[in-house]
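Survey of secondary and tertiary structure
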Amino acid sequence: MSLSNNIQLLKKLSFTKLINACKVWMSYHVSKGSKKNLNKGFPISLAIEPTTSCNLRCPECPSGLRQFTRPIGMLEPSFFKHTIDTVYKELIYLTFYFQGEPYLNPHFLDMVKYAADKKIYTSTSTNAHYLTPEMAEKTVKSKLDRLIISIDGTTQETYEQYRIGGSLSKVITGTKNIIEAKKKLKSKTPHIVFQFLVVKPNEHQLEDVKVLANELGVDEVVFKTAQVYDFENGNALIPDNIKYSRYKKNADGTYSIKNKLLNQCWRMWSSCVITWDGLVVPCCFDKDAKHQLGNLKTEDFKTVWKSNLYQSFRKSILKSRSEIDICKNCSEGTKVWA
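Reference entry: report on the structure contained in this document. (Residues numbered from 1 in each chain as written. Predicted model: local features only at pLDDT ≥ 70, side-chain atom pairs only at ≥ 80, totals over all residues. Heavy atoms only, no water.)

Quick word on helix α9 (residues 206-216)
Under the convention used in this document: A simple rule labels every residue: compare its accessible area, found with a 1.4 Å probe on the protein chains alone, to the largest value its type can have, and call it buried under 20%, exposed over 50%, or partly exposed in between. Here a helix means four or more residues in a row that DSSP labels H or I, a strand means two or more in a row labelled E, and each is numbered from the N terminus. The arc in question is traced by the directions running from the helix axis to the C-beta atoms. By definition, residues are in contact when any of their heavy atoms lie within 4.5 Å.
Among the residues of α9, those classed as buried are L206, V209, L212, A213 and L216. The buried residues of α9 all sit within an arc of 115° when viewed along its axis, so they share a single face. Turned more than 90 degrees away from the buried face of α9 sit E207, N214 and E215, all of them exposed. On its buried face, α9 sits against α8 (168-184), β5 (191-198) and β6 (220-225). G217, located one to two residues past α9, shows a positive phi value of around 95°.

Here it is as structure tokens:
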């Protein structure tokens, strides 16, 4: 994050949030060191899913592939507000994203504003196809703090190899619209990020996207490694540049995860994901919500966070992450800032 963006985040802090964050930090490090679960405090970060619907057909995305085993739907404002009212005193950071395209939910920006008014740092990720001038102005007025725009190529030919069904010109126009809206409304937010998912078809354009971001006035460029489901025998999406790959090629020609899988995970003590229909799951790698730790349509969030089921899952992380399916392709720490 840039200095101005960090300042924006610091403005959201309160004494209660700082004390809670210290409890979470202490709990995690004691648990990691002792291999015995300790869980004080409540999450400092949440991701909540505006919708599972998407207009694109990206090849490694369950939403794009239409391969969900869970229902397709939209986050309801009343449920969202109730959830936020439960957690806002401790919560610092809220990501409006899990699967799907957030702007397809007609109430999305109203929910952003509700969270922003509760002094929560708000972020979302979009393919930018719906950032019309009107929607761009509404985005700025919602007080969204961080807008991540997925741009996985600097030419249409390259872009559409991963963002199937997408239009690069719409992404660029949408980016221009949000920058113009910020200027018109004299707003420092949202902080605009170009996120470039590095795959083999686009890895030759890493420098080009930096140039494009600079020309447009984008605040930041982040290169993200791609999760590939079938990687053991190679995959056409795995880049040659090992810096931007989650996988390494072995002597026998097969591939394996590059990062060592340690029996620890900061996310399990500091954050979680809430699906559009109220399911609590451990993290963004549980795309089909197989590891359901609670249902906020019938349970209170803070009860779920401290429940025996959640505590048992944390213990399993400390014991052997390699036995947990969603951990086997984990990418913690695999974003590269330009």
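After that view of the structure, there is still more to cover.
Comments concerning helix α2 (residues 15-34)
Our working definition: To estimate how far a helix should reach, multiply one less than its number of residues by 1.5 Å.
End to end, α2 covers 28 Å across 20 residues, agreeing with the expected 28 Å (1.5 Å per residue, within 8%). Taken together, the buried positions of α2 are K17, N20, A21, V24, S27, Y28 and S31. End-on view of α2: buried residues confined to an arc of 125°, all on one side of the axis. Looking at α2, the residues exposed on the side facing more than 90 degrees away from the buried face are F15, C22, W25 and G33. Buried residues belonging to α2 abut α10 (267-270) and α12 (308-320).

Digging into the pairing of strand β4 (residues 146-150)
As a reminder, the rule being used: The rule for pairing is simple: two strands pair if DSSP sees at least two bridges between them. By convention a crossover is right-handed if, when the strands point away from the viewer, the path from the first strand over the helix to the second runs clockwise.
The element β4 is extensively covered by neighbouring structure, given that five of its five residues are classed as buried. Of the two faces of β4, the one holding R146, I148 and S150 and the one holding L147 and I149 are both buried throughout. Taken together, the four bridges between strand β3 (residues 121-126) and β4 define a ladder with parallel strand orientation. Each residue of the ladder has a partner; that of S125, found in β4, is I148. In the classification by handedness, the crossover that spans β3, the intervening helix α6 (residues 133-141) and the parallel β4 is right-handed. Here five bridges tie β4 to β5, and the two strands are oriented parallel to one another. Of the residues in β5, the one forming a bridge with R146 is H191.

With respect to the packing of aromatic side chains
To keep it simple, the criterion reads: Ring geometry is summarised as follows: Phe, Tyr and Trp rings, the Trp one being its six-membered ring, pair when their centres sit within 6.5 Å, and such pairs are stacked at plane angles under 30 degrees, edge-to-face over 60 and tilted between the two. A ring is considered to have a charge above it if a Lys NZ or an Arg CZ atom is located within 6 Å of its centre and within 35 degrees of its normal.
For the coordinates displayed, the defined rule picks out 12 aromatic pairs. Taken together, a centroid distance of 4.8 Å and an interplanar angle of 35° make the contact between Y93 and Y121 tilted. In this pair, Y93 sits in strand β2 (residues 93-96) while Y121 sits in strand β3, placing the two residues 28 residues apart along the sequence. Put simply, the rings of F80, F96, Y103, F108 and Y114 pair up and form one aromatic cluster. One Lys or Arg, K287, reaches over the ring of F285 and ends 5.3 Å from the middle of that ring. Taking NZ or CZ as reference, R314 lies 4.4 Å from the ring centre of W305, over its face.

So, unusual backbone geometry
Excluding glycine, residues mostly have negative phi values, and the peptide bonds linking residues are mostly trans. Each neighbour pair has its own omega, and for T189 with P190 the value is 5°, a cis peptide bond. Tracing the backbone through its elements, the reader meets P190 in the loop between α8 and β5. One non-glycine residue, A128, lies in positive phi territory at about 65°. Judged by relative accessible area, A128 falls into the buried class, the value being 1%. Of note in this structure, K186 is not a glycine but carries a positive phi near 50°. Locating K186 in the fold gives a position in the loop between α8 and β5.

Re the pairing of β5
Burial within β5 is extensive, with eight of its eight residues counted as buried. By the alternation rule, side chains of β5 split into H191, V193, Q195 and L197 and I192, F194, F196 and V198, which are all buried. In this region the chain leaves β5, passes through α9 and returns to the parallel neighbour β6; the handedness of that crossover is right-handed.

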